[in-house]
Number of protein chains: 2
Amino acid sequence: MSTPFDLAKFLPYRLAVAAQAVSARFARRYSEAFGLTIPEWRVLAVLGGFGTTHAQRLTALTTMDKVKVSRAVAKLAAAGLVQRQPDPEDGRRVLLALTPKGEQLYRDIVPLAQAMQEELLAELPPAGREALDEALRLLSRSPKS
Amino acid sequence: MSTPFDLAKFLPYRLAVAAQAVSARFARRYSEAFGLTIPEWRVLAVLGGFGTTHAQRLTALTTMDKVKVSRAVAKLAAAGLVQRQPDPEDGRRVLLALTPKGEQLYRDIVPLAQAMQEELLAELPPAGREALDEALRLLSRSPKS
DNA sequence: GCCGGTTAGTTACAAATGAAACCGATGTCA
DNA sequence: TGACATCGGTTTCATTTGTAACTAACCGGC
C-alpha cells in the first residue's frame, strides 16, 4: 500500500502557510503604522537603499511584475513619497526616487522592519537560521523543468 | 550609522519569494494535469486522507478561511469530485466526501505530489531538512502580540 | 415552546491581482 | 530615412480574493 498522504507535512503547503503567517504579521504593522501595503513597502525599501532608479529595476529587485510595481509606485507618488521624472537618456523610462518625505518614512520604517526580523529570528534556534537561509535560497530559484 | 537595509536579505520577503516560487511550480502542474487550483487541491487532499467531514474541519486542516473552502468545494462538487449531503446530526452542517471519481483523482494525484516533493527535497542539503522543518513550524504559528 | 445569541455555510460586494492590449519611444537593419 | 520589431510603462478587463452581510439551524435560559 502507498504511503498515506498528509497535507500538513507537505512542503509546498507548509511553506505557503509559514510565508502567509509571517507576511500577515508584518503587513499588519506596516499598514497600521505607516499605511503601506507589502508591494508599496518593497518599492520603498528598494528605492531607499538603492537611490534613484527606473521601474524596470524595481521589478527585478522586488520580484514583482511590472504591473504591480507600476501600481505601487503610483500609490507612493500620490502619497508624496516618491517622485517621478522622465529619464533624459531614454524617453520611455521614468526615473524614480524618494522625496524627502519618502526618505523620512524610510528612515522610520527600516528600524522597525529590522526589529521585527530580529524578533522573528529570535524564535528560531540558531542552528536553524543558516539552514533556513540556504533552503530559501535554493527553493527560490525558478522552476527548472 | 545604522545597518544598511537590503530587501533581498529580509526574511519575510525571502519567505514570500520562496513560497511563491514553489507554489507556482506546483500549481502549474496540478492545473495542467488535473485542472485543479491550489485551494481545490488542498480540499481534495484533506478529504482523501481524512474521509467524510464537514467544511468547518476543512478550514482548520487547510488553513483557509471558510469562504475559500466553500468556493473550492463548490467547484469540486460541480466537477463531480465531491459529494455533499446534509449532516443528520446537525442541519447546519454539510457532510463532504469524495465521489468515486474524486477518489480516483486522489489516487492519481497523490503520487505525483509526493514525487514533486521528493524532487524539491532532493535539491536541499540533507542536513537542512529538519532545520527547515522546524523553522517552518515555528514561523507558522500565528502572530503572538 | 419561545427568544436572544451563536454557529455553519453561502452570497454579495469591493479591493487586489494577473494577462493581455495598448501607447509612446527606441533601436535596427535595409 | 523609413518600416518593423522591441522595450518601458500604463491601462483595461476578467478572475481571484477578502470582508461583511446574510440565511438557516442549533443552543441555552426561561
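Preceding block: the structure.
Residues numbered from 1 in each chain as written. Chains lettered and ligands numbered in written order. Predicted model: local features only at pLDDT ≥ 70, side-chain atom pairs only at ≥ 80, totals over all residues. Heavy atoms only, no water.

K.L.:
Is there a simple way to think about the overall build of chain A in this case?
P.N.:
Assigned secondary structure in chain A consists of 6 helices and 3 strands. Along its sequence from the N terminus, chain A presents helices and strands in the succession α-α-β-α-α-β-β-α-α. The globule rule puts the C-alpha radius of gyration for 145 residues at 15 Å, and the 18 Å found for chain A is more than 25% above it. Along the longest, intermediate and shortest principal axes, the C-alpha atoms of chain A span 65 × 35 × 25 Å. Counting all 145 residues of chain A, 45% fall into the buried class. For chain A, restricting intrachain contacts to residue pairs at least 6 apart in sequence, the fraction spanning at least 24 positions comes to 49%. When the accessible surface of chain A is summed, it comes to about 7700 Å², and 54% of that surface belongs to carbon and sulfur atoms. (Helix = DSSP H or I, 4+ residues; strand = E, 2+ residues; numbered from the N terminus. Rg over C-alpha atoms; globule rule 2.2 N^0.38 Å. Buried < 20%, exposed > 50% of the residue type's maximum accessible area, 1.4 Å probe, protein only. Contact = heavy atoms within 4.5 Å. Areas by Shrake-Rupley, 256 points an atom, 1.4 Å probe, with all protein chains shown as cover.)

K.L.:
What is the right way to look at the nonpolar core in this model?
P.N.:
Inside soluble globular proteins, nonpolar side chains tend to come together where they are buried. With 85 residues, the main nonpolar core has A:Trp41 and B:Trp41 as its most contacted residues. Residue contacts for A:Trp41: discarding those within four places in its chain leaves A:Tyr30, A:Leu36, A:Ile109, A:Ala113, B:Phe5, B:Leu7 and B:Phe10. (Core = buried A, V, L, I, M, F, W, Y, C linked by side-chain atoms within 4.5 Å.)

K.L.:
Teacher, can you tell me more about the interface of chain A and chain B here?
P.N.:
In many reports, interface size means the accessible area that the parts give up when they come together. Facing the 55 residues of chain A at the interface are 55 residues of chain B. Roughly 5100 Å² is buried in total at the junction of chain A and chain B, and carbon and sulfur atoms are behind 67% of that figure. In terms of surface lost to chain B, no three residues of chain A exceed A:Phe5, A:Arg14 and A:Leu139, which account for 12% of the buried area on that side. Scanning the region where chain A abuts chain B turns up 4 salt bridges. Here B:Asp133 and A:Arg14 are joined by a salt bridge, their closest N and O atoms 2.5 Å apart. Put simply, chain A and chain B have 10 residue pairs in polar contact (both at pLDDT 80 or more) between them. (Buried area = accessible area lost by both parts, 1.4 Å probe. Salt bridge = Lys/Arg side-chain N within 4 Å of Asp/Glu carboxyl O. Polar contact = N/O pair within 3.5 Å; in protein donor to acceptor, adjacent residues only side chain to side chain.)

K.L.:
Please explain the packing of aromatic side chains as it appears in this structure.
P.N.:
The relation between two aromatic rings is expressed through the spacing of the ring centres and the mutual angle of the planes. Going through the model one piece at a time under the given rule, you end up with 12 aromatic pairs over all chains. The interplanar angle of 65° and the centroid separation of 5.7 Å between the aromatic rings of A:Phe10 and B:Trp41 together place this pair among those described as edge-to-face. Remark: B:Trp41 occurs in helix α2 (residues 38-50) and A:Phe10 occurs in the segment before α1 (11-34); the pair is interchain, linking two chains. Here the two residues A:Phe10 and B:Trp41 agree in accessibility, since each one is buried. Every member of this aromatic cluster is reached through a ring pair, and the members are A:Phe5, A:Phe10, B:Phe26, B:Tyr30 and B:Trp41. (Phe/Tyr/Trp six-rings, centres within 6.5 Å; stacked < 30°, edge-to-face > 60°.)

K.L.:
Sorry, what's going on with the protein's contact with DNA strand C here?
P.N.:
Near DNA strand C you find 18 residues, and of these A:Arg71, B:Gln56, B:Lys66, B:Ser70 and B:Arg84 are the closest. Sugar and phosphate atoms form 55% of the subset of DNA strand C atoms that lie within 4 Å of the protein. Here B:Ser70 contributes a side-chain N or O atom positioned 2.6 Å from a phosphate oxygen of DNA strand C. Between B:Arg84 and DNA strand C, the recorded distance is 2.5 Å, taken from a side-chain N or O atom to a phosphate oxygen. The set of elements that each furnish at least two residues to the surface near DNA strand C consists of α4 (66-78) and β3 (90-98) of chain A together with α3 (55-62), α4 (66-78) and β3 (90-98) of chain B. The element that contributes the greatest number of residues to the surface near DNA strand C is α4(B), accounting for 4 residues. (Near = heavy atom within 4 Å.)

K.L.:
Would you mind going over the pattern of salt bridges with me for this structure?
P.N.:
Side chains that carry opposite charge are capable of pairing whenever their charged atoms lie near each other. As enumerated under the stated definition, the model contains 21 salt bridges over all chains in all. Here A:Arg25 and A:Glu123 are joined by a salt bridge, their closest N and O atoms 2.8 Å apart. Of this pair, A:Arg25 sits in helix α1 while A:Glu123 sits in the loop between α5 (100-122) and α6 (126-139); the two residues are 98 residues apart in sequence, bridging distant segments of the chain. There is no split in this pair, since A:Arg25 and A:Glu123 are both buried. When the shortest N-O distance is used, the salt bridge between B:Asp90 and B:Arg92 registers 2.9 Å. Residue classification places B:Asp90 among the buried positions, given a relative accessible area of 17%.

K.L.:
Please clarify how the layout of surface pockets should be interpreted in this entry.
P.N.:
Using a probe with the size of a water molecule, rolled over the atoms, empty space left in the structure can be pinpointed. By volume, the largest pocket is sized at about 470 Å³. Lining the largest pocket are 23 residues, and of these A:Ser23, A:Arg42, B:Ala16, B:Val17 and B:Gln20 sit closest to its centre. In terms of residue count, helix α1 (residues 11-34) of chain B provides more of the lining of the largest pocket than any other element does, 7 residues in total. For the lining of the largest pocket, the residue count by class is 15 nonpolar, 5 polar and 3 charged. (1 Å grid on protein atoms, 1.4 Å probe; cavity = no way out; pocket = protein on both sides within 12 Å on 5 of 7 lines; lining within 4 Å. Points joined across faces, edges and corners; volume = space filled by probe spheres on them. Nonpolar A, V, L, I, M, F, W, Y, C, P; charged D, E, K, R; others polar.)

Don't take any of this as a statement about function, it's just geometry.
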